[in-house]
Amino acid sequence: RAAMARALSNAERLQPRVDACNEITAADHAKYVPFVVDGHAVGALQPWFADELLGASGSGTLERDASGTVVFARELDTPDKRTDALRPALEALRDKGVITGWRDEIFPVTMGYGVPPLLRVERAAASLLGVRAYGVHVNGFVTLPDGTKELWVGKRAKNKQTFPSKLDHLVAGGLPDGMPPSVCVVKECGEEASVPESLAKNAKAVGAVSYSMNYQGCCKRDVLFCYDLELPLDFVPTPDDGEVESFERYEISKVIDIMATTEDFKPNCCLVIIDFCVRHGFITPDEPGYVKLVQSLRVGND
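Residues numbered from 1 in each chain as written. Predicted model: local features only at pLDDT ≥ 70, side-chain atom pairs only at ≥ 80, totals over all residues. Heavy atoms only, no water.

Asks: For the overall build of the chain, give the residues involved together with the corresponding values.
Replies: Across its full length, the chain holds 10 helices and 13 strands. The C-alpha radius of gyration computed for the chain amounts to 21 Å, which stays within 12% of the reference 19 Å derived for 302 residues, consistent with globular compactness. Reported as C-alpha extents along the three principal axes, the dimensions of the chain are approximately 65 × 60 × 35 Å. For the chain, with 302 residues in total, the buried portion stands at 51%. Summarising the internal contacts of the chain: among those between residues at least 6 apart in sequence, 67% fall at separations of at least 24. Surface exposure of the chain reaches about 14,000 Å², of which carbon and sulfur atoms provide 52%. Of the side chains in the chain, 33 bear a positive and 43 a negative charge, and the two mean positions are spaced by 3 Å. (Helix = DSSP H or I, 4+ residues; strand = E, 2+ residues; numbered from the N terminus. Rg over C-alpha atoms; globule rule 2.2 N^0.38 Å. Buried < 20%, exposed > 50% of the residue type's maximum accessible area, 1.4 Å probe, protein only. Contact = heavy atoms within 4.5 Å. Areas by Shrake-Rupley, 256 points an atom, 1.4 Å probe, with all protein chains shown as cover. Lys, Arg positive; Asp, Glu negative; His and termini not counted. Charge placed at Lys NZ, Arg CZ, Asp CG, Glu CD.)

Structure (structure tokens):
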């Protein structure tokens, strides 16, 4: 008699959640139009968006070189000049409805975290430009008297521009230009979950995850700085800025099951929570698929 198929381990059950954030293949990359700034390939444009961007920019700002790559005009040779020249084009595309979800938040376009920016752009344009963006995600958790841990889970507001009604972290946010991640964590904790600064400052930096995701056709390339924040058992986070509908405390096993069997969580949150589960021993090397899962949490670090 054939042996019964073994049940999948948690590591194997969760791998599809990570893979969903890394759908961009080398073949996909070849279909994008490179966006090169000062000799550095910083972005990847869908061909239709490259045409829109060039049309909105007019002469003297962006142009195509002999290979079809989108580059800045030669005289735009400083970050400030490039930023100032591109801004009207991005605003025009906003007014045309091409760029949606405008936030009035400025993101740096760099060749790596901590490297001086080559220019600065509106956050809502980052995905369409295919540039690397950075953010912070906070695992808010409690330790019960018997030593078990539970995770605070937020539910995104129904009217959120992105991923409405999805399950989310206690706190998460994009990292604006010039703001250190630790400062961003404290700011977002107060704005999104009413966590006082005295508690938020206890958030511990625990690493980063990264991915290259197909987001509505865009090449969305993000690095998320991960933080663990252990909260007192009697503290209850409350939504403050309208971005979150409610918070609820979940057993870790329930969180793993939700991630493994549904798409209820915002996709990139799964990577940060899986990393939390690995670091806290909820997913272990005893499980088949462990090494692949752990390695795949950081595949977009270039």
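Asks: Lay out the packing of helix α1 (residues 10–19) against helix α8 (residues 252–261) with the relevant residues and their values.
Replies: At a minimum axis distance of 8 Å, the contact between α1 and α8 shows a crossing angle of 55 degrees. By the angle between their directions, the pair α1 and α8 is classed as oblique. Remark: the crossing between α1 and α8 carries left-handed chirality. Contacts between α1 and α8 involve N10, R13, L14 and R17 from the former and I256, D257, M259, A260 and T261 from the latter. Class assignment of the residues belonging to the contact of α1 with α8 gives a composition of four nonpolar, two polar and three charged. (Axes fitted to C-alpha atoms, helices over the stretch in contact; angles between N-to-C directions. Parallel < 35°, antiparallel > 145°, perpendicular 65-115°, else oblique. Left-handed = near helix turned anticlockwise from the far one by under 90°. Nonpolar A, V, L, I, M, F, W, Y, C, P; charged D, E, K, R; others polar.)

Asks: Provide a residue-level description of the layout of surface pockets, including the pertinent values.
Replies: To find the voids left in a structure, one rolls a probe of water-molecule size over its atoms. The volume enclosed by the largest pocket comes to roughly 990 Å³. At the level of secondary structure, the elements contributing two or more residues to the lining of the largest pocket comprise α5 (126–129), β7 (132–143), β10 (171–174), α6 (181–193), β11 (204–215) and β12 (218–230). Of the residues contributing to the lining of the largest pocket, the split by class is 19 nonpolar, 13 polar and 16 charged. (1 Å grid on protein atoms, 1.4 Å probe; cavity = no way out; pocket = protein on both sides within 12 Å on 5 of 7 lines; lining within 4 Å. Points joined across faces, edges and corners; volume = space filled by probe spheres on them.)

Asks: Would you mind going over the side chain of E150 in detail, with residue names and values included?
Replies: Mapped onto the elements, E150 comes out in strand β8 (residues 149–156). Of the residues examined, E150 reaches a relative accessible area of 13% and is grouped as buried. There is a polar contact of 2.9 Å between the side chain of E150 and the side chain of R249. (Polar contact = N/O pair within 3.5 Å; in protein donor to acceptor, adjacent residues only side chain to side chain.)

Asks: Give me the lowdown on the nonpolar core, citing residues and values where you can.
Replies: Residues L14, V255, M259, F265, I274 and I283 are the most contacted members of the largest nonpolar core, which totals 36 residues. Listed by contribution, the elements that provide at least two residues to this core are α1, β8, β11, β12, α8, α9 (267–279) and α10 (290–295). Looking at this core element by element, the count peaks at nine residues for α9. With near-sequence residues (within four places) excluded, L14 lies in contact with I256, M259, A260, I274, I283 and L293. The next biggest cluster of nonpolar side chains, apart from the first, holds 35 residues, and it includes L53, L54, V70 and L76. (Core = buried A, V, L, I, M, F, W, Y, C linked by side-chain atoms within 4.5 Å.)

Asks: So what's going on with the packing of aromatic side chains? Which residues, and what values?
Replies: Enumeration over the complete set of coordinates arrives at seven aromatic pairs. Taking the centre distance of 4.8 Å and the plane angle of 65 degrees together, the rings of Y113 and F225 count as edge-to-face. Placement of the pair is Y113 in the loop between β5 (106–109) and β6 (119–122) and F225 in strand β12, with a sequence separation of 112 residues. The class for F225 is buried, based on a relative accessible area of 16%. Look at Y134 and F225: their rings are 6.1 Å apart centre to centre, the planes differ by 10 degrees, and that puts the pair in the stacked class. Taken together, the residues Y134 in strand β7 and F225 in strand β12 connect sequence positions 91 residues apart. Take Y134: its relative accessible area is 11%, and that puts it in the buried class. Linked through ring pairs, Y113, Y134 and F225 together constitute an aromatic cluster. (Phe/Tyr/Trp six-rings, centres within 6.5 Å; stacked < 30°, edge-to-face > 60°.)

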